[in-house]
Amino acid sequence: LFSLSAGVWDPVVSGARRLASEPDLASAREALCAAARHTADAHATLLFEPNAECTHLMLTAANGYDAPRDLSLPLGAATSGVSIATLDDMKALYD
């Protein structure tokens, strides 16, 4: 196995605690983006989730980027490894 210094896990633990304490889904999504951005030391994070028909991934939260809230990515129009691998799993969430 490998070992990591204790400080590596601090952002993950902090993010998990914040996520668990959020009162609603919008706040939880924002907390998830903030934790992911901090953990990855990224410039920005965006969270996309499938719409009810699983035809598009819709932007539901962002951190570090002022993205338009109507931003969406079509699924199925162009194949990608991500859309092929996850489309069936996403559809199962809405069945």
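Residues numbered from 1 in each chain as written. Predicted model: local features only at pLDDT ≥ 70, side-chain atom pairs only at ≥ 80, totals over all residues. Heavy atoms only, no water.

## Structural notes on the confidence of the model for the protein
- In the predicted model, the protein carries a mean pLDDT of 75, and the fraction of residues at 70 or more is 71%.
- At the level of individual helices and strands, the protein shows its lowest average pLDDT in helix 3 (residues 81-94), which scores 49, and its highest in strand 2 (residues 56-63), which scores 91.
- Scored below 50 in pLDDT, residues 83-87 shows five contacts in the model against residues more than four places distant or in partner chains. (pLDDT = per-residue confidence, 0-100. Helix = DSSP H or I, 4+ residues; strand = E, 2+ residues; numbered from the N terminus. Contact = heavy atoms within 4.5 Å.)

## As for the packing of helix 1 (residues 10-21) against helix 2 (residues 25-40)
- Closest axis-to-axis distance for the helix 1/helix 2 pair is 9 Å, and the angle between their directions is 175 degrees. Considering the angle they form, helix 1 stands roughly antiparallel to helix 2. Across the interface between the two elements, Pro11, Val12, Gly15, Arg18 and Leu19 from helix 1 touch Ala28, Ala31, Leu32, Ala34, Ala35, His38 and Thr39 from helix 2.
- Residue composition of the contact of helix 1 with helix 2, grouped by class: eight nonpolar, three polar and one charged. (Axes fitted to C-alpha atoms, helices over the stretch in contact; angles between N-to-C directions. Parallel < 35°, antiparallel > 145°, perpendicular 65-115°, else oblique. Nonpolar A, V, L, I, M, F, W, Y, C, P; charged D, E, K, R; others polar.)

## Some details on unusual backbone geometry
- Located in the positive-phi region is aspartate 41, a residue other than glycine, with phi close to 55 degrees.
- With phi around 60 degrees, cysteine 54 is a residue other than glycine that occupies positive phi space.
- The topology assignment puts cysteine 54 in the loop between strand 1 (45-50) and strand 2.

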